[in-house]
Amino acid sequence: MHVTPLVWGLTIVVIVALLAFDYFFHVRHAHVPTLREAAIWSSIYVGLALIFGVVVLIFGGVTMGSEYFAGYVTEKALSVDNLFVFLIIISSFRVPREDQQKVLLFGIVFSIFARTAFIFLGAALINSFAWVFYIFGLILLITAGNMLRPETEESHSADNFIIRIAKKFMHTTEHYDGDKLFTIENGKRAMTPMLLVMVAIGGTDILFALDSIPAIFGLTQNVFIVFTATVFSLMGLRQLYFLLDGLLDRLIYLSFGLAAILGFIGVKLILHALHENNLPFVNDGEPVAVVEVSTALSLGVIIGVLIVTVIASLTSQKGRAQAAIAGARHHAANYVDLDYTADADERERIYTKLVKEEEQLKNLDPKFKKMVREETALLDLIKRAHADHDAFLNR
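Residues numbered from 1 in each chain as written. Predicted model: local features only at pLDDT ≥ 70, side-chain atom pairs only at ≥ 80, totals over all residues. Heavy atoms only, no water.

## Some points on the overall build of the protein chain
Helix and strand counts for the protein chain stand at 15 helices and two strands. Relative to the 2.2 N^0.38 estimate, which gives 21 Å for 395 residues, the radius of gyration of the protein chain is 23 Å and therefore close to what a compact globule would have. Excluding contacts between residues fewer than 6 apart, the proportion of contacts in the protein chain whose partners are at least 24 apart in sequence is 78%. Accessible surface for the protein chain amounts to roughly 19500 Å². Of this, 66% is attributable to carbon and sulfur atoms. Taking the average place of the 32 positive charges on the side chains of the protein chain and the average place of its 38 negative ones, the gap between the two points comes to 4 Å. (Helix = DSSP H or I, 4+ residues; strand = E, 2+ residues; numbered from the N terminus. Rg over C-alpha atoms; globule rule 2.2 N^0.38 Å. Contact = heavy atoms within 4.5 Å. Areas by Shrake-Rupley, 256 points an atom, 1.4 Å probe, with all protein chains shown as cover. Lys, Arg positive; Asp, Glu negative; His and termini not counted. Charge placed at Lys NZ, Arg CZ, Asp CG, Glu CD.)

Take a look at the structure:
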């Protein structure tokens with residue numbers, strides 16, 4: 001199906017309108033979204049993406065529709081994994097809860113621009129050089145291997161090279177001034193942490209694009225499908241962040257599932273490269289007769305791997321233990337951080353979650369309680385949170 005300039009134009013107008021609506025009606029005035037608000041709007045954005053896919057299926061045909069859904073599901077899964085990194089960056093910068101929406105929306109908009117640039121660059125390379133499929137396949141196989149390595153928060157530290165340079169050459173303040181990027185401190189104009197966290201989010205978005213764009217090009221080379229599937233996977237990511245708050249730590253096998261998916265697409269790309277081969281040192285520059293993986297099979301493998309990954313994560317006792325420990329650490333740290341939020345209701349919500357997670361830690365299987373006893377820093381942090389809560393109630 002040939003996509004006309006009119007269809008491109010209408011699609012871009014709809015996307016810009018959705019982003020503008022999101023900003024003016026939800027993000028412009030700082031607030032902490034409720035679970036109900038996050039659930040409703042996450043469902044709306046997923047629904048819009050599915051409706052768009054049905055439209056593509058009707059007017060573009062089964063192949064084009066299948067490519068869109070395969071690309072959307074893959075990019076959505078990768079975007080959920082990206083939320084882990086966003087969580088680490090936002091936590092390390094101690095972004096006030098009510099201002100986190102603005103940071104996330106900036107990250108989404110920057111992602112759309114960065115990935116759009118990579119999409120058109122990738123399409124130009126593919127149209128000119130068939131061997132690019134080998135490069136994309138190798139990138140995905142390396143990425144899949146890296147996902148199998150255990151990660152720590154330090155591996156995604158917000159104190160990266162760009163941030164250190166910014167702090168060195170610009171006067172920065174340690175405190176937020178609402179959602180302002182610059183403020184006045186001691187009579188001087190200073191950069192706030194809000195600008196620094198946006199720089200950190202933007203830098204990680206570029207790295208995400210290096211992984212995600214080759215992945216979707218492994219499923220389709222239709223630029224319109226690549227663009228729309230990528231953009232719709234990012235829309236609603238802000239609401240999903242708040243909806244999955246606390247659940248992200250439960251998905252302990254997500255990295256394994258994504259590694260399997262990226263590895264599968266990487267092999268698919270290399271097989272396609274062999275099928276289109278024109279490199280003189282491979283089969284004398286002639287195409288190699290290999291099996292090519294269909295889009296329908298790709299979609300089935302992607303959905304199947306994600307279902308198994310999520311079920312295995314949610315039913316794992318070790319996952320429950322790790323989630324309770326991570327959640328208790330996260331909420332205790334937020335509670336004792338007076339800069340985290342000025343909202344008394346939000347503080348009470350955090351403390352309630354901490355108490356619930358403490359109860360979960362007490363009810364763990366004996367073989368997992370050892371994990372808790374070894375977390376001496378966590379136990380001290382929880383005691384401090386209780387002391388701060390008592391002081392807050394008695395003031």
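Having seen it, we continue.
## Side note on the side chain of Asp22
As for its position among the elements, Asp22 is in helix 1 (residues 5–27). Exposure remark for Asp22: the relative accessible area of 4% places this residue in the buried category. Side-chain polar atoms of Asp22 contact the side chain of Arg238, separated by 2.5 Å. Within the local environment of Asp22, its side chain forms a polar contact with the side chain of Gln239, the two groups lying 3.3 Å apart. Dropping the residues within four chain positions of it, Asp22 is found in contact with Val27, Tyr45, Leu105, Arg238 and Gln239. (Buried < 20%, exposed > 50% of the residue type's maximum accessible area, 1.4 Å probe, protein only. Polar contact = N/O pair within 3.5 Å; in protein donor to acceptor, adjacent residues only side chain to side chain.)

## So, helix 7 (residues 193–217)
With 25 residues, helix 7 ought to run about 36 Å at 1.5 Å a step, and its terminal C-alpha atoms sit 36 Å apart, in line with that. Ala209 marks the point of greatest bend in helix 7, at about 30°. Among the 25 residues that make up helix 7, 19 are buried, leaving the element largely enclosed by the rest of the structure. (Expected span 1.5 Å × (residues − 1). Bend = angle between axes of the 7 residues up to and from the residue.)

## Let's talk about the nonpolar core
Tyr68, Phe93, Val197 and Phe217 are the most contacted members of the largest nonpolar core, which totals 86 residues. Residue contributions to this core peak at 14 residues, all from helix 3 (residues 62–92). (Core = buried A, V, L, I, M, F, W, Y, C linked by side-chain atoms within 4.5 Å.)

## Quick word on the side chain of Thr11
Locating Thr11 in the fold gives a position in helix 1. Look at Thr11 and you get buried, because its relative accessible area is 9%. Engagement of the side chain of Thr11 in a polar contact is seen with the backbone oxygen of Val7, the distance being 2.8 Å. Every residue in contact with Thr11, bar those within four places of it in the chain, is listed here: Phe224 and Thr228.

## Topic: the packing of helix 3 against helix 4 (residues 100–128)
Two numbers describe how helix 3 lies on helix 4: the axes approach to 12 Å, and their chain directions differ by 135°. Between helix 3 and helix 4, the interaxial angle falls into the category oblique. For the crossing formed where helix 3 meets helix 4, the hand is right-handed. Of the residues in helix 4, those in contact with Glu75, Asn82, Phe86 and Ile90 of helix 3 are Gln100, Val103, Leu104 and Arg115. Tallied by class, residues from the contact of helix 3 with helix 4 come to four nonpolar, two polar and two charged. (Axes fitted to C-alpha atoms, helices over the stretch in contact; angles between N-to-C directions. Parallel < 35°, antiparallel > 145°, perpendicular 65-115°, else oblique. Left-handed = near helix turned anticlockwise from the far one by under 90°. Nonpolar A, V, L, I, M, F, W, Y, C, P; charged D, E, K, R; others polar.)

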